[in-house]
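# An overview of the molecular structure
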Amino acid sequence: MSTRHFWQSTALVSARVLGVLATVMTLVWTCQTNTAEKFLGGLNTEDLIFNWHPFLMVLGLCSFLTNGITAYRTTGMTHAHAKVAHVTWYVFSFLSAMLGLTAVFKSHERSVTANMYSLHSWIGIGAIALFGLNFVCGLFCFWNPLYVTSVSLRDAYKSYHIFGGILAFSFALVAIETGLLEKNTFLGLLVCLLAHEKYTILFCTVKIRAYRRCSCMTNTGWLLTTSRRALMLFAVYQDVHT
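Conventions adopted
- Residues numbered from 1 in each chain as written.
- Predicted model: local features only at pLDDT ≥ 70, side-chain atom pairs only at ≥ 80, totals over all residues.
- Heavy atoms only, no water.
- Helix = DSSP H or I, 4+ residues; strand = E, 2+ residues; numbered from the N terminus.
- Contact = heavy atoms within 4.5 Å.
- Core = buried A, V, L, I, M, F, W, Y, C linked by side-chain atoms within 4.5 Å.
- Buried < 20%, exposed > 50% of the residue type's maximum accessible area, 1.4 Å probe, protein only.
- Polar contact = N/O pair within 3.5 Å; in protein donor to acceptor, adjacent residues only side chain to side chain.
- pLDDT = per-residue confidence, 0-100.
- Patch = residues over 30% accessible without salt bridge, like charges linked within 9 Å, V, L, I, M, F, W, Y side chains within 5 Å.
- Areas by Shrake-Rupley, 256 points an atom, 1.4 Å probe, with all protein chains shown as cover.
- Salt bridge = Lys/Arg side-chain N within 4 Å of Asp/Glu carboxyl O.
- Phe/Tyr/Trp six-rings, centres within 6.5 Å; stacked < 30°, edge-to-face > 60°.
- Lys NZ or Arg CZ within 6 Å of the ring centre and 35° of its normal.

## Let's talk about the side chain of Asn 134
Mapped onto the elements of the fold, Asn 134 is located in helix H4 (residues 119–142). Leave out the neighbours within four places in its chain, and Asn 134 touches Tyr 90, Tyr 157, Tyr 160, His 161, Gly 164 and Gly 165.

This is how it looks when you write it as C-alpha cells:
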C-alpha cells in the first residue's frame, strides 16, 4: 500500500467513524432527561420538539453527508454501485435536514420566537441552499433519464459538483458548530478565558465548561471538527481522475 493510499484510507475511516460518534453523542445529549447536568430533557413532538433539530442536523449533515461524499472512495464497490450509494446517502441527508428544519420552525412557532434571528440560522440556511442546489444540479447532469446532458457537459460540471459538495459540507459543519455554541449560550455554559500572565492576550476564547458527568456538547463539537478535518484531508489527497 502506497503512502498516498494509506492516508486516503485513514482519512476515510476517520471521517465516517467520527461522524457516527458525533451523532450518537448528540442523541445522548438530547435524550437524557437530567437537565441539571445540561442535557436537553428528551425527545417528543410537543414541548420538546426543538430537541429533534440538533440530532437530525448532525445525523443528516455530518454522518449521512460524510458517507455520501466519500461513497466513491469505498473499496470493493463498482462505479455504478458507488453512484447509487452516493445519491442514496444524499437523499437521506436532505430528508434529515428538512425534518430538522421543520422541528426548529415548529418549535419557534409554538414558543412565539422569531425565525432566522442569529448568525447560526443564516449559515444553516446557506448550507442547506448550497446543498440543495448542488444536489439538484447533480441529479440533472448525472441522473437525467432523458439523457439530454452531453458527456462533455457532465465532464465539465464534475469538478464544480465536487467543489460544491465540499463547500456545502464545510458550511454545514460550521452551522452545526455555531448551533452548538448558540445552545451553550442559552444554557449558560460559555466562559471567556483570559490568557495567563506569561502569554499575550490576543483574543478571548470560547470554551465549554466541563461538567462532572458528561460534557456531550464539548465532545460532540470536537468530534465534528475532527471529522471535518479528516474529510478535508481525504479530499486533498484524493485523485479526482480515478
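## Things to note about the nonpolar core
By size, the foremost hydrophobic cluster in this structure holds 25 residues, and its most contacted members are Leu 61, Cys 62, Leu 65, Ile 69, Tyr 90, Phe 131 and Ile 176. Elements supplying a minimum of two residues to this core: helix H1 (3–31), helix H2 (52–69), helix H3 (79–111), H4 and helix H5 (151–187). For this core, the leading source of residues is H5, giving 7 residues. Residue contacts for Leu 61: discarding those within four places in its chain leaves Ser 93, Ala 97, Ile 128, Phe 131, Phe 169, Ala 172, Leu 173 and Ile 176.

## Focus: the side chain of Ser 118
Tracing the backbone shows Ser 118 in the loop between H3 and H4. A polar atom in the side chain of Ser 118 sits 2.7 Å from the side chain of Glu 182.

## Looking at the confidence of the model for the chain
Residues at a pLDDT of 70 or more form 74% of the chain, whose mean pLDDT is 77. The weakest mean pLDDT in the chain belongs to strand S2 (residues 205–208) at 35; the strongest belongs to H3 at 93. Within the model, pLDDT remains below 50 along residues 191–215, and this stretch shows 32 contacts once partners closer than five positions in the same chain are excluded.

## What to know about a nonpolar patch on the surface
Taken together, the side chains of Val 13, Val 17 and Leu 21 define a hydrophobic patch exposed on the protein surface, amounting to about 250 Å² of accessible area. Among the structural elements, Leu 21 can be located in helix H1. By relative accessible area, which is 40% here, Leu 21 ends up partly exposed.

## Describing unusual backbone geometry
The phi torsion of most residues other than glycine is negative, and most of the peptide bonds are trans. Unlike most non-glycine residues, Val 112 shows phi in positive territory, near 55°. Following the sequence through the fold, Val 112 ends up in the loop between H3 and H4. For Val 112, a relative accessible area of 74% corresponds to the exposed category. The phi torsion at Met 116 lies on the positive side, around 55°, for a residue other than glycine. Note on placement: Met 116 falls in the loop between H3 and H4. Given a relative accessible area of 22%, Met 116 falls into the partly exposed group.

## A short note on the pattern of salt bridges
Tallied over the entire structure, the rule returns 1 salt bridge. Of the charged contacts in the structure, one is a salt bridge between Glu 46 and Arg 110, with a shortest N-O distance of 3.9 Å. One end of the pair, Glu 46, is in the loop between H1 and H2; the other, Arg 110, is in helix H3, and 64 residues separate them in sequence. Judged by its relative accessible area of 47%, Arg 110 falls in the partly exposed class.

## Examining the packing of aromatic side chains
Here the structure, examined in full by the defined rule, presents 10 aromatic pairs. Their ring planes at 40° and their centres at 5.9 Å tell us that Tyr 90 and Phe 135 sit as a pair that is tilted. You can see Tyr 90 sitting in helix H3 and its partner Phe 135 sitting in helix H4, a full 45 residues away along the chain. By relative accessible area, Tyr 90 is classed as buried at 4%. Ring centres of Phe 94 and Phe 131 lie 5.8 Å apart, and the angle between their planes is 50°; this geometry places the pair in the tilted category. In this pair, Phe 94 is assigned in helix H3 and Phe 131 in helix H4, connecting sequence segments 37 residues apart. On the basis of relative accessibility, which here comes to 26%, the residue Phe 94 falls in the partly exposed class. Aromatic rings pair up to connect Tyr 90, Phe 94, Phe 131 and Phe 135 into one cluster. Sitting above the plane of the Trp 143 ring, Lys 83 keeps its charged end 5.1 Å from the centroid.

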